[in-house]
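Overview (structure and organization)
Read off the chains here:
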Amino acid sequence: MDEQIKQKILEIITQIPGISALASKEIEGDAKALNRHELSRSMAIVETDKGLDISIYIIISRGIKASLIANEIRSAMNNYANSKNIKVKNVSVFVRGVK
């Protein structure tokens, strides 16, 4: 996986309103926000023969519908992938907490 693509995905995700923070993909009890240097721990990207399988772990802001955030992330990922001619098989969004 190209590190530049991963960084661009992180940049896109952090611009979406309603996301309070990115969370770790490892389950460590209560969800906690990752600092700038740990952001890559908030996603898993697997390359398959049918395209990228992307899993993103977030903490959302209180009062925001998780389904709206998930749809916004999926849409942003698909727009980016289409602009770069990258095949995306699946985008999974996991809400680890509400802040």
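Use the structure listed above.
Residues numbered from 1 in each chain as written. Predicted model: local features only at pLDDT ≥ 70, side-chain atom pairs only at ≥ 80, totals over all residues. Heavy atoms only, no water.

1. Regarding the pairing of strand 4 (residues 88-98)
Cut-off, in case you're wondering: A pair of strands counts as paired when DSSP detects no fewer than two bridges linking them. Helix and strand assignments follow DSSP, with helices taken as H or I runs no shorter than four residues and strands as E runs no shorter than two, numbered in order from the N terminus. We call a crossover right-handed when, viewed with both strands directed away from the observer, the connection leading from the first strand over the helix to the second proceeds clockwise.
Bridge count between strand 3 (residues 51-60) and strand 4: nine bridges; the pairing is parallel. The residue bridging S55 from the neighbouring strand is S92, located in strand 4. With helix 2 (residues 66-83) bridging strand 3 and the parallel strand 4, this β-α-β connection has right-handed handedness.

2. Some thoughts on helix 1 (residues 3-14)
How we decide: Helix span is expected to be 1.5 Å times the residue number reduced by one. Buried, partly exposed and exposed residues are distinguished by accessible area as a fraction of the type maximum, computed with a 1.4 Å probe on protein chains only: under 20%, between the cut-offs, and over 50%, respectively. Here the arc refers to the directions that run from the helix axis out to each C-beta atom. Whether two residues touch is decided by their heavy atoms; if any such pair falls within 4.5 Å, the residues are in contact.
Taking 1.5 Å of rise per residue, the twelve residues of helix 1 would be expected to cover 16 Å, and the 17 Å separating its terminal C-alpha atoms lies within 8% of that figure. For helix 1, the set of buried residues is I5, K6, I9, L10, I12 and I13. Along helix 1, the residues classed as buried sweep out an arc of 160° about the axis, all on the same side. Those residues of helix 1 that are buried are in contact with strand 1 (19-22), strand 2 (43-48), strand 3 and helix 2.

3. Focus: the pattern of salt bridges
Basically, it comes down to this: Basic side-chain nitrogens of Lys or Arg form a salt bridge, by our definition, when they fall within 4 Å of a carboxyl oxygen of Asp or Glu.
The tally for this structure, following the rule as stated, stands at one salt bridge. When the shortest N-O distance is used, the salt bridge between K8 and E11 registers 3.2 Å. One end of the pair, K8, and the other, E11, are both in helix 1, three residues apart, so they sit about a helical turn from each other. Overall, K8 belongs to the partly exposed group, its relative accessible area being 32%.

4. A word on empty space enclosed by the protein
Here is the rule: In the cavity and pocket records, a cavity denotes points on a 1 Å grid over the protein atoms alone where a 1.4 Å probe fits but cannot get out, a pocket denotes an open set with protein on both sides within 12 Å along at least 5 of 7 lines, and lining residues are residues with an atom within 4 Å of a point. Grid points are joined across faces, edges and corners, and a volume is the space filled by probe spheres set on the points. Polar here means any residue other than Ala, Val, Leu, Ile, Met, Phe, Trp, Tyr, Cys and Pro, which are nonpolar, and Asp, Glu, Lys and Arg, which are charged; Gly is therefore polar.
In this structure the tally under the stated criterion is one cavity of 30 Å³ or more. Of the volumes computed, that of the largest cavity is approximately 40 Å³. Around the largest cavity sit I5, I9, L52, I54, M77, Y80, A81, I86 and V88, which together line it. Residue assignment for the lining of the largest cavity shows that the elements contributing at least two residues are helix 1, strand 3 and helix 2. The element contributing the most residues to the lining of the largest cavity is helix 2, with three residues. In terms of residue class, the lining of the largest cavity is built from nine nonpolar, no polar and no charged.

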